[in-house]
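Working through the structure, step by step
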Amino acid sequence: ISAACLGNPFELNKLAMCSDLPLAQIVEVLDEAVKEGFLVPSELKKTAADNLRKMKNLSFSFSHDSIQKAVLERIEGPELRVRSGKMGMKLLTRILPSSLADDLFLVVDLLNNGPKGFHCPMDLHRFAMINCEAGFTSLHRGGYEPALKFFRKGIELLEMMIDREAGTISIWEIDSELCLGLNEGAAQAAFLSGTYEQMDMFIHEVDRHIHEPIKKTTIYEIKTSSLYARNKLDEAIDVSLDFVGLL
């Protein structure tokens, strides 16, 4: 089940990181699944268990997507979410920070699929930061809709901290720079995916909470670009002039 949660394909070393079983036992189970035809190793069609122990970087694919789906359907949704969240936490703590960028989306997806309420306040803040990083990475790769989901999730995680920290009224009081990054990224992703109403919402959020004009540069650039993209040239000029007047 853990292997199915990691995706198709999945890496042996990642499975070992988020499992409490010894590597030899994991390899034995995988080798049996290979013999049964459920899994296919990335490098060899048939691999002996002794060889697998020496190939922690080996990846496996389910021989058919329906097999992975059937494995995931063996447990109830809430239990699956708990498992996913725990796996994400283990990977986050066991992957070296210098290597996290390579597995960023895997870790973030596992954490985001975890149940609400299993995070402590410090985890919420860290997860929000990781979602922000995933959002900008996805944005730069042209994945505008996934990026928007990551940014929205980051904002949602910070909002969950309001209920846990007495006296906190707004997420902007928790980390204004992170809030600025999440809202700027979300506005950019919303603009590039053509969801202008959402874009306006994020721009308004920054405009309302940020009082230093220079820090509003990015959102005004996004707003102006969106008006030009919709052929609203007069409005774009007015917005640009308004911003110049703030400086």
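Residues numbered from 1 in each chain as written. Predicted model: local features only at pLDDT ≥ 70, side-chain atom pairs only at ≥ 80, totals over all residues. Heavy atoms only, no water.

What about the pattern of salt bridges?
Side-chain pairs of opposite charge can arise where the charged atoms are in close proximity. Under the criterion given, the structure shown has nine salt bridges. The closest approach of N and O atoms between Lys 14 and Glu 11, which form a salt bridge, is 2.9 Å. A relative accessible area of 7% places Lys 14 in the buried class. A salt bridge links Glu 205 to Arg 208; the shortest N-O distance between them is 3.3 Å. One end of the pair, Glu 205, and the other, Arg 208, are both in helix H11 (residues 196–209), three residues apart, so they sit about a helical turn from each other. Given a relative accessible area of 47%, Arg 208 falls into the partly exposed group. Among the ionic contacts, a cluster of salt bridges with common partners joins Glu 11, Lys 14 and Asp 103. (Salt bridge = Lys/Arg side-chain N within 4 Å of Asp/Glu carboxyl O. Buried < 20%, exposed > 50% of the residue type's maximum accessible area, 1.4 Å probe, protein only. Helix = DSSP H or I, 4+ residues; strand = E, 2+ residues; numbered from the N terminus.)

Topic: the pairing of strand E3 (residues 59–62)
Note: strand E1 (residues 10–11) against E3, two bridges, orientation antiparallel. Bridged to Glu 11 within E3 is Ser 59. (Pairing = 2+ DSSP bridges.)

Notes on the sheet that holds E3
Taken in spatial order, the three strands make up an open sheet running E1-E3-E2, and their pairing is antiparallel. Edge positions in the open sheet fall to E1 and strand E2 (39–41), since each of these has one partner strand only. Contacts from helix H3 (residues 23–36) reach E1, E2 and E3 within the one sheet, and its direction differs from that of E2 by about 105°. (Contact = heavy atoms within 4.5 Å. Axes fitted to C-alpha atoms, helices over the stretch in contact; angles between N-to-C directions.)

Describing the packing of aromatic side chains
Inspection of every chain in the model, using the stated rule, returns five aromatic pairs. Taking the centre distance of 4.9 Å and the plane angle of 75° together, the rings of Phe 136 and Phe 151 count as edge-to-face. Here Phe 151 lies in helix H9 (residues 144–162) and Phe 136 lies in helix H8 (residues 121–140), a separation of 15 residues in the sequence. On the accessibility criterion, Phe 151 (0% relative accessible area) is buried. Grouping aromatic residues by their ring pairs yields a cluster made of Phe 10, Phe 60 and Phe 62. (Phe/Tyr/Trp six-rings, centres within 6.5 Å; stacked < 30°, edge-to-face > 60°.)

A word on the environment of Leu 12
Checked against the element boundaries, Leu 12 lands in helix H2 (residues 12–17). On a C-alpha basis, the gap between Leu 12 and Leu 30 in space is 9.1 Å, while along the polypeptide they are 18 residues apart.

Comments concerning the side chain of Ser 2
With respect to the helices and strands, Ser 2 occurs in helix H1 (residues 2–6). A relative accessible area of 16% means that Ser 2 is categorised as buried. Of the polar contacts made by the side chain of Ser 2, one reaches the side chain of Arg 83; its length is 3.0 Å. Once residues within four sequence positions are removed from consideration, Ser 2 is found in contact with Leu 15, Arg 83 and Met 87. (Polar contact = N/O pair within 3.5 Å; in protein donor to acceptor, adjacent residues only side chain to side chain.)

This is a description of form; function is not addressed.
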